[in-house]
Amino acid sequence: MQEYKEKILEVCNSVRKNTLMETLDIEYVDVGENFLVARMPVVPKVHQPDGILHGGATVALAESVASAASYVFLDTAKVSVRGIEIAANHVKSIREGYVYATASLLHKGRTLQLWEIRVNNEADELISMCKLTTIAIAK
């Protein structure tokens, strides 16, 4: 299982080049039976002007990890996956360190999928709770 896990993470991280994920230093760090985890450093380039993590950067992290999870957990040989709606509630601010986003599949329909993305700090405190709806389109 560990070898399979490492291969999935290697593939997820290899497609970051020249994308928003590379720009924001998002890295995929863990995968399990029904979840994928990514982390992002909280540094000035992802801050609001007042020095805390920008909600837009948090949402970019959330959508990135849930979209990557779609490719891990859906049959992408047969379908293309697109995000169609994202929502976020930001409940705590952070100035430095890392945030970890864990995408878990709440609903896996033939066409629509619903993902929950919890964004936590290094102390495992909730920073944001996000929800992404994706659609699977036949190729």
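Residues numbered from 1 in each chain as written. Predicted model: local features only at pLDDT ≥ 70, side-chain atom pairs only at ≥ 80, totals over all residues. Heavy atoms only, no water.

Before going further, it helps to spend a moment on the overall build of the chain. The number of helices and strands found in the chain is three helices and six strands. Its helices and strands in sequence order give the chain the pattern α-α-β-β-α-β-β-β-β, from N to C terminus. Seen through its C-alpha atoms, the chain measures out along the principal axes to roughly 45 × 30 × 30 Å. Long-range pairs, those at least 24 residues apart, make up 55% of the contacts in the chain between residues at least 6 apart in sequence. A total accessible area of about 7800 Å² is found for the chain, and carbon and sulfur atoms account for 51% of it. If you average the places of the 15 positive and of the 17 negative side-chain charges in the chain, the two averages end up 6 Å apart. (Helix = DSSP H or I, 4+ residues; strand = E, 2+ residues; numbered from the N terminus. Contact = heavy atoms within 4.5 Å. Areas by Shrake-Rupley, 256 points an atom, 1.4 Å probe, with all protein chains shown as cover. Lys, Arg positive; Asp, Glu negative; His and termini not counted. Charge placed at Lys NZ, Arg CZ, Asp CG, Glu CD.)

Phi is positive for Asp25, close to 60°, though the residue is something other than glycine. Of note, Asp25 is situated in the loop between helix 2 (20-23) and strand 1 (27-31).

Purely geometric stuff here, so don't read any function into it on its own.
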